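# Descriptive structure summary
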Protein chains: 2
Amino acid sequence: MRILIRGVAVIRKPEEGVVPKVDVVIEDSRYTGVVVGGGAGGEFDRVIEGEGRLLIPGLVNAHTHLAMTLFRGYADDLPLRRWLEERIWPAERKLTPEEVYWFSLLGLAEMIRAGTTAFADMYFFMDEVARAVEEAGLRALLSYGIIAPTPDRIEPELEKAEKFARSWLGKAGGRIRTALSPHASYTCGAEVWRETVRLAKELKIPIHTHLAETQAEVEEFQARHGQPPTLWLEQLNVFSVPVLAAHCVHMTEKDMEILAAHGATAVHCPTSNAKLACGIAPVAELLSAGVNVALGTDGAGSAGDLDMFEEMRLAALLGKLKTGEPEAIPAPQALALASRGGAVALGWGKELGTIEEGRRADGVLLSLAAAHLCPGHNLLSDVVYAAHPSDVVGVFVDGTPLLLEGELLTIDEERVKAKCRQLAQKYR
Amino acid sequence: MRILIRGVAVIRKPEEGVVPKVDVVIEDSRYTGVVVGGGAGGEFDRVIEGEGRLLIPGLVNAHTHLAMTLFRGYADDLPLRRWLEERIWPAERKLTPEEVYWFSLLGLAEMIRAGTTAFADMYFFMDEVARAVEEAGLRALLSYGIIAPTPDRIEPELEKAEKFARSWLGKAGGRIRTALSPHASYTCGAEVWRETVRLAKELKIPIHTHLAETQAEVEEFQARHGQPPTLWLEQLNVFSVPVLAAHCVHMTEKDMEILAAHGATAVHCPTSNAKLACGIAPVAELLSAGVNVALGTDGAGSAGDLDMFEEMRLAALLGKLKTGEPEAIPAPQALALASRGGAVALGWGKELGTIEEGRRADGVLLSLAAAHLCPGHNLLSDVVYAAHPSDVVGVFVDGTPLLLEGELLTIDEERVKAKCRQLAQKYR
């Protein structure tokens, strides 16, 4: 399969800005030509008109709980603990594998429409999530969320996590990779973490967890263990494997140094952290410390949706509020966090994140036709500060189109929405 | 003209939540039937199917500079003073009436598509703005922005402002009203403010100004005048007329009491205030103090776009961050600020802001079909935390449809965009 996107404006790397009139050639799963000025030759199975359009690297949602689309709008404007204990956890006890499958497909449809090509997910009934991802064509790092508050839960939880991690690693033509996910330092004890690190090393896979989301959680941990969670995790050798640490809102300088020294990723989830009043993660400081930063939506239950354009915009806006500097987290950096930062986080840093010859062909084609993108002085700025999912007209993963000219190609969206509306009745 | 929206879910007032299956009847410019359970009788000139849709009060953008769509993406990620002095003011000196006309139409197209039915605008070449509003069919409170840093500018500026205010007051079938706009306490001296108050009283129109946007501005004013700008304005009797005070980021308790005591409106512009790192306005405190709060985008030059869904979402998110309380500015309140709060601000508080029999028929019809609005546990929450302009399928002002089924009915959008792209070349 050979695809030409003809005469399109391209953001190859965010720091480079926008290059006009490029012929982009995709062969099988990779970009094989990025010809500035146009003029790519040869035969093509498909030619996509690029005029009035912009191609950007695929957006990576580096922390979500996909099937929580079931809980969109279910319990808003509540504190994290009440939200979890009174609303979400009781509802999750009623969850079935069937529901997780359908609401995963719903989330995948929403993500494709919003230009997301890869994501990191942690939840339950992960076989169903993986099945949905396999069908929908996205790229994903998937893991079973281990919660073991009592000793009797350790064994069965680890078993589930290991079974899932082994069985789906490298599946779907390599699009699916797996991770291990002790939920957090306060829900899993040292034994779980040690065993997880051992297994992650054996399977050469990352650990995806929650870290320092609320002030209260960090203070309670400090009171119980005499040190902050990041330091405690380091002493358990957790950072000797690649780590995706979601949130990182309440971090000391030392915590940041630890993440940087080990090449761990902080996944900034600005909407979720704001909505639950957790605070603003110190993104500019994390970046200065040398930490890889990615962006995530968190679950739609807490964030309301799975829209990475919103997360880019909010990362830029909150970065300025946090530092008091309007220059902080400028548009190119926000886009870099959402693309390359996420690619690195998920373990595809050498293959994804930019639009260059030889890289895997994950990308998003945006229409520039909308009034809200006119007159277009700076298309990169417009992507971050003005674009919406409705501007997305093409989405590619490994060179395969998942959406083209507004049409989802891998998901029967009407059927999925109807099924989800029906299944949601149980929770009313 | 008699229109029926049949069997539609309706948010009559945000605090009431969503009422399913309502027949809404519009006769000429007003809602004449809001029939819960359906069954509205009689003949209709037009029937709009309401199933799978939600009707909400029209959104009001209570502070913008419409024609600054010309400067979208023109100078992002800069501090307010550099942004103004190095980029925006030099460019504005080159502005022509023709440019203001076309970029106003562009902004109007964007606003209609985003469900905005009314707005307050302050800029230059206001005859052109008014002409565009008259054609496009929105409702607006328009004013010429008075900047008089030196004594010789006072007379000519006041003359322009007065001439515009007199000539367009009550025009376009009453859809256009006018205001007087000394730009700010630091750009206009006591003489301008006194004369403005006198004229506002004579014409029975409000004053629309900027107030306490940056910390530096408030501190410098305090150093020069020995009191904060709000107190200074009160002593000049400015609040004896209705006032729209944009921003109100840096307010003392006393400042808030002054606004509350006089029935002034604080216009919260969360995107602009974040993007320029001005801070977060104390919205929860303003509301507790009894101040009417409305929402605004500010100009697209500073905010990136004119999307009131984004401002609602950000008002809710920043309200939680500012207070540390996830219950702060819940979804119904965010929607109330964007609708009723704005209607009150613009002086239409008794005629607009809710969907009730007898009120003027300004409203927005949303499709609930998108994946990002599924499964729909709480449609009001979804409007604030997940909806986008692309969900808007109908917009009415005074009962006249401005957008229906995705089609703009009053603006030749393709022509406007082409013209704007051409005119923007001058600024590259």
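The rules behind each value
Residues numbered from 1 in each chain as written. Chains lettered and ligands numbered in written order. Predicted model: local features only at pLDDT ≥ 70, side-chain atom pairs only at ≥ 80, totals over all residues. Heavy atoms only, no water. Domains from an automatic or database assignment. Contact = heavy atoms within 4.5 Å. Buried area = accessible area lost by both parts, 1.4 Å probe. Salt bridge = Lys/Arg side-chain N within 4 Å of Asp/Glu carboxyl O. Polar contact = N/O pair within 3.5 Å; in protein donor to acceptor, adjacent residues only side chain to side chain. Helix = DSSP H or I, 4+ residues; strand = E, 2+ residues; numbered from the N terminus. Nonpolar A, V, L, I, M, F, W, Y, C, P; charged D, E, K, R; others polar. Buried < 20%, exposed > 50% of the residue type's maximum accessible area, 1.4 Å probe, protein only.

### A look at the domain arrangement of chain A
The extent of an interface is frequently quoted as the accessible surface area lost upon association of the parts. Residue and element names in this part refer to chain A. By the assigned domains, chain A splits into domain 1 (2–57 + 361–408) and domain 2 (59–345). Its C-alpha centre places domain 1 at a distance of 29 Å from the equivalent point of domain 2. With 28 residues of domain 1 at the interface, the matching set in domain 2 holds 28 residues. Interface area for domain 1 against domain 2, summed over the two sides, is near 2,200 Å², with a carbon-plus-sulfur share of 66%. A salt bridge links Arg 139 to Asp 362, with the nearest nitrogen and oxygen atoms 2.7 Å apart. Run the count over domain 1 and domain 2 and you get 9 residue pairs in polar contact (both at pLDDT 80 or more).

### What to know about the interface of chain B and chain A
Counting from both sides, the interface comprises 66 residues of chain B and, opposite them, 66 residues of chain A. Summed over both partners, the interface of chain B with chain A buries about 4,700 Å², with 62% contributed by carbon and sulfur atoms. If you sort the residues of chain B by the area they bury against chain A, Asp 77, Cys 374 and His 377 of chain B come out on top, with a joint share of 15%. The tally of links between chain B and chain A comes to 4 salt bridges. The partner of Glu 310 of chain B in a salt bridge is Arg 313 of chain A, and the shortest N-O contact between them spans 3.3 Å. Viewed at the interface, chain A and chain B are joined by 28 residue pairs in polar contact (both at pLDDT 80 or more). Counting only elements with at least two residues in the side of chain B that touches chain A, the list comes to α2 (97–113), α9 (270–275), α12 (308–323), α14 (379–385) and α15 (413–424) of chain B. By residue number, the principal contributor to the side of chain B that touches chain A is α12 of chain B, which donates 7 residues. Residue classes in the side of chain B that touches chain A are distributed as 34 nonpolar, 14 polar and 18 charged.

### A few points about unusual backbone geometry
A negative phi angle characterises most non-glycine residues, just as the trans form characterises most peptide bonds. With omega at 10°, the peptide bond leading from Cys 374 of chain A into Pro 375 of chain A counts as cis. On the secondary structure map, Pro 375 of chain A appears in the loop between β15 (363–367) and α14 (379–385). The backbone of Ile 329 of chain B sits at a positive phi, close to 40°, despite the residue not being glycine. Within the secondary structure, Ile 329 of chain B is located in the loop between α12 and α13 (331–346). Its relative accessible area of 2% is what places Ile 329 of chain B among the buried residues. With a phi close to 50°, Asp 398 of chain B is a non-glycine residue in the positive phi region. You can see Asp 398 of chain B is positioned in the loop between β16 (392–397) and β17 (400–404).

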